[in-house]
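# Examining the three-dimensional arrangement
Listed below, chain by chain, are the residues.
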Amino acid sequence: MKALRILTAFVALLLAAGEVARWWDSPRFLPLAFDELLLAAAMLAAAMVAGRSGAAPLAAAWGAFCGLTLGLLVPTLDHLLNGPEKASAGFYAAVLAAMLLVGLLALLWALALLRRGRRS
């Protein structure tokens, strides 16, 4: 579980840093980065408490990560496929798809840890 906790913390910090870098000079920083920053905080909290609480917080955090990523990916794909054209939609869709894949793999990992813990 230690490796999943480290991955969770790393992705959370990367998510937060990316949003801060993306919106730092914008007056819309807080409303537009709020969801990602809140999720990053939840992922960091899950990584910190998972040692005592087990894999359930990690599964919840990765489930939320997948939900947010999917919610961002679908409209991006819609822009890419049906227009109106959006600047760098192809790159953004590829990054979001990769993020979703990482999130799904981490979620399955956390669920496997939960299942293994129930058998013990």
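Now for a quick tour of the structure. Fair warning: this is a prediction, and the values are worked out from it, not measured in the lab. (Residues numbered from 1 in each chain as written. Predicted model: local features only at pLDDT ≥ 70, side-chain atom pairs only at ≥ 80, totals over all residues. Heavy atoms only, no water.)

## Some points on a nonpolar patch on the surface
Operational definition: A patch consists of residues whose relative accessible area exceeds 30% and which take part in no salt bridge; residues with like charges are grouped when within 9 Å of each other, and nonpolar side chains (Val, Leu, Ile, Met, Phe, Trp, Tyr) when within 5 Å. Surface accessibility follows the Shrake-Rupley procedure with a 1.4 Å probe radius. Residue values consider only the protein chains on display as shielding. By definition, a salt bridge exists where a carboxyl oxygen of Asp or Glu is found within 4 Å of a side-chain nitrogen of Lys or Arg. Helix numbers and strand numbers start at the N terminus; a helix is a DSSP run of H or I with at least 4 residues, a strand a run of E with at least 2. Exposure classes here rest on a 1.4 Å probe applied to the protein chains alone. A residue is buried below 20% of its type maximum, exposed above 50%, and partly exposed in between.
Taken together, the side chains of Leu 101, Leu 105, Leu 108 and Leu 111 present a nonpolar region at the surface, about 400 Å² in accessible area. Within the fold, Leu 105 resides in helix H4 (residues 89-119). By relative accessible area, Leu 105 is classed as exposed at 53%.

## What to know about helix H3 (residues 56-82)
Just so we agree on the cut-off: In this analysis, the expected span of each helix is defined as 1.5 Å times one less than the number of residues it contains.
In this model, H3 (27 residues) spans 39 Å end to end at C-alpha, consistent with the 39 Å of a helix rising 1.5 Å per residue. Buried within H3 we find Leu 58, Ala 59, Ala 61, Trp 62, Phe 65, Cys 66, Thr 69, Leu 73 and Thr 76. Positioned one or two residues after H3, Gly 83 has a phi angle of 75 degrees, which is positive.

## Details of the packing of helix H2 (residues 29-53) against H3
Between two packed helices, the angle of one axis relative to the other and the distance separating the axes together describe the packing. As a reminder of what qualifies: Under this scheme, a helix contributes an axis fitted over its contacting stretch, all axes are lines through C-alpha atoms, and angles between N-to-C directions fall in the 0 to 180 degree range. Here is the rule for angles: anything less than 35 degrees is roughly parallel, anything more than 145 is roughly antiparallel, 65 through 115 is roughly perpendicular, and the remaining ranges are oblique. Left-handed is the label given to a crossing in which the near helix is rotated counterclockwise from the far helix by less than a right angle, and right-handed is the label when the rotation is clockwise. Only heavy atoms matter for contacts: two residues are in contact if any of them lie within 4.5 Å across the pair. Gly counts as polar in this scheme, as do all residues outside two lists: the nonpolar Ala, Val, Leu, Ile, Met, Phe, Trp, Tyr, Cys and Pro, and the charged Asp, Glu, Lys and Arg.
Where H2 meets H3, the closest approach of the two axes is 7 Å, and the angle between their N-to-C directions is 160 degrees. If you check the angle between H2 and H3, you find them roughly antiparallel. As H2 packs across H3, the resulting crossing turns out to be left-handed. From H2, Asp 35, Glu 36, Leu 39, Ala 42, Met 43, Ala 46, Ala 47, Val 49, Ala 50 and Ser 53 reach across to H3, where they touch Pro 57, Leu 58, Ala 61, Trp 62, Ala 64, Phe 65, Leu 68 and Leu 72. Here the contact of H2 with H3 is composed, by residue class, of 15 nonpolar, one polar and two charged.

## A look at the side chain of Thr 76
Tracing the backbone through its elements, the reader meets Thr 76 in helix H3. For Thr 76, a relative accessible area of 1% corresponds to the buried category. For Thr 76, the contacting residues outside a window of four places in its chain are Lys 86, Ala 89, Tyr 92, Ala 93 and Leu 96.

## Topic: the nonpolar core
To be explicit about the condition: For our purposes a nonpolar core is just a set of buried Ala, Val, Leu, Ile, Met, Phe, Trp, Tyr and Cys residues, chained together by side-chain atoms within 4.5 Å.
With 20 residues, the main nonpolar core has Leu 4, Met 43, Leu 58, Trp 62 and Phe 65 as its most contacted residues. Among the elements of the structure, helix H1 (2-23), H2, H3 and H4 are those that each provide at least two residues to this core. In this view, Leu 58 contacts Met 1, Leu 4, Arg 5, Thr 8, Ala 46, Ala 47, Ala 50 and Ala 110; residues no more than four positions away in its chain are not counted. Grouped together as the second largest cluster of nonpolar side chains are five residues, Leu 73, Ala 93, Leu 96 and Leu 100 included.

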